[in-house]
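Chain by chain, the residues:
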Amino acid sequence: MKRQGINREINGITEGVIWKQLLLFFFPIVLGTFFQQLYNTADAIIVGKFVGKEALAAVGGTTGVLINLLVGFFVGLSSGASVIIAQFFGARRREEVSRAVHTTVALALSSGALLTVLGVLLSEQILLAMGTPQEVMAYALPYIRVYFAGMIPQLIYNIGSGILRAVGDSRRPMVFLICATMTNIVLDVIFVLGLGLGVVGAAMATVASQVISAVLVVLTLMHAPFAYRLSWRKVRFDAAMLARIVRIGLPAGLQSVMYSLSNIIIQAGVNGFGTDVIAAWTAYGKMDGLYWMVISAFGVAITTFAGQNFGAGRYERMKKSVRVCMGMSAGMTAAVSVVLVAAGRPLLSMFTDDAQVLETGYTIVRLIVPTYITYISIEILSGAMRGAGDSLVPTIMTLTGVCLLRVFWVMGVVPVHHELNTLLLSYPITWMITSVMFIVYYLRGKWLNRCIARQGAEQA
């Protein structure tokens, strides 16, 4: 009879062929993220085509950066749990895996409740501070207030899928997202087109789809092997485990906040160019999401690979997986960039028929998309270091090289040369500088020695 738990089968992440295991792990993540991007895009297409460009500017553009600000912190914080679970799982420490799982679910419930309150109370003030035009504000505010009603199921899904990926299961989170996407698209058509509920209907469809994905991930965890099985009576904060999660996750959460704040400043700059540019930026953002779902999937994959191999003490395998992942992500980045530039106009026309919006959108595509390649070192190296438990210094480098420099550019350079292209240059410039910092830090290797020493002290 097979034993349940961590020891029931060979762990391909710590023992299999690296490039094959990376692809087996990567493809379900990227496909799941594709469907997640699809239902966000469905919102934008339907409201852009059938409600208007002001609604398009509101859904995903103006509201997107605010959602990322509030949600991103807690998702980043919970990423510490995925690292801890991956390390314990790689080390075959079943009891610690279980304690981490239940502490993480408690964190999701409490964070979701807090986000609901903050989102409803603060959204109007933040949207006004961003300089949101009044015609866009009329759509953005009701949309975002309904959206924040779904915070608990959204965090339950994000954290639950993070648990599954940490133990090497990236397939089922993909299936759950496909189910949620189909639900969202059907309800978009019913609520927006059939019932005429506009942006409120789009938000309601999104919340309903998040509930579906949360229920599916909870049911999966409740029937999982013992090591990571969810038992509601065990859901509570374990102080020692929470401290370890926060040590790794807090820098990631703060990094997400700073990213979002810098993007809010970017969005405020975009808002200053008028509704046409806001709508173009929103449409480009949906295209842009196609690349970020790819590079983020590689980031999740390498974090899990690094975490499990670090926990198993297989440090050379961990470093080899980083090299393989860098090569794969560079090749994929080049391919996606070529496709987006070549198909830019047809893709943008999915969201709007306005000629000025389309022209502005393609200008954005031509300037930013060819520079994606300068970002990959940030995603892959920071993911690997976070998987080993080093999250503070990578966060500081990102905050300095990307966020603070981008804010300086927008507030210092753009007012002098008030053109859209000047604003957009903040992206490739900050990516290149930060990538150099990451490469130098990673190659020096001291970060890994510190992580190994800390691991030894914690196990002593």
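Residues numbered from 1 in each chain as written. Predicted model: local features only at pLDDT ≥ 70, side-chain atom pairs only at ≥ 80, totals over all residues. Heavy atoms only, no water.

A.B. asks: Describe the pattern of salt bridges, with residues and values.
C.D. replies: Considering all chains together, one arrives at seven salt bridges under this definition. D169 is the partner of R172 in a salt bridge, and the nearest nitrogen-oxygen pair spans 2.6 Å. Here R172 falls in the partly exposed class, since its relative accessible area comes to 26%. Taking the relative accessible area as the measure of exposure, D169 reaches 13% and is therefore buried. (Salt bridge = Lys/Arg side-chain N within 4 Å of Asp/Glu carboxyl O. Buried < 20%, exposed > 50% of the residue type's maximum accessible area, 1.4 Å probe, protein only.)

A.B. asks: Talk me through helix 13 (residues 355-368); I want residue IDs and the actual numbers.
C.D. replies: In this model helix 13 runs 20 Å from its N-terminal to its C-terminal C-alpha over 14 residues, within 8% of the 20 Å that 1.5 Å per residue would give. Within helix 13 the residues assigned to the buried category are V357, T360, G361, Y362, I364, V365 and I368. Check the buried side of helix 13 and you find it contacts helix 10 (275-311), helix 11 (315-342), helix 12 (344-348), helix 16 (420-424) and helix 17 (426-444). For helix 13, the N-terminal capping position is held by D354, with its side-chain oxygen 3.1 Å away from the main-chain nitrogen of Q356. (Helix = DSSP H or I, 4+ residues; strand = E, 2+ residues; numbered from the N terminus. Expected span 1.5 Å × (residues − 1). Contact = heavy atoms within 4.5 Å. Polar contact = N/O pair within 3.5 Å; in protein donor to acceptor, adjacent residues only side chain to side chain.)

A.B. asks: Outline the nonpolar core, listing residues and values.
C.D. replies: If you look at the biggest cluster of nonpolar residues, it comprises 72 residues, and the most contacted ones within it are W281, Y284, I368, Y372 and W447. A per-element tally of this core places helix 10 first, with 19 residues. Setting aside residues no more than four positions away along its own chain, W281 makes contact with I266, Q267, V270, I364, I368, L424 and Y427. (Core = buried A, V, L, I, M, F, W, Y, C linked by side-chain atoms within 4.5 Å.)

A.B. asks: Which residues make up the packing of aromatic side chains, and what values do they have?
C.D. replies: In this description, an aromatic ring pair is defined by two values, namely the gap between the centres and the angle between the planes. Going through the model one piece at a time under the given rule, you end up with 18 aromatic pairs. Considering the side-chain rings of F25 and F305, the 6.4 Å spacing of their centres and the 75° angle between planes classify their relative orientation as edge-to-face. Of this pair, F25 sits in helix 2 (residues 18-50) while F305 is found in helix 10, placing the two residues 280 residues apart along the sequence. F305 carries the same exposure label as F25, and that label is buried. Among the aromatic side chains, those forming a connected cluster through ring pairs are W281, Y284, Y291, W292, Y372, Y375, Y427 and W431. (Phe/Tyr/Trp six-rings, centres within 6.5 Å; stacked < 30°, edge-to-face > 60°.)

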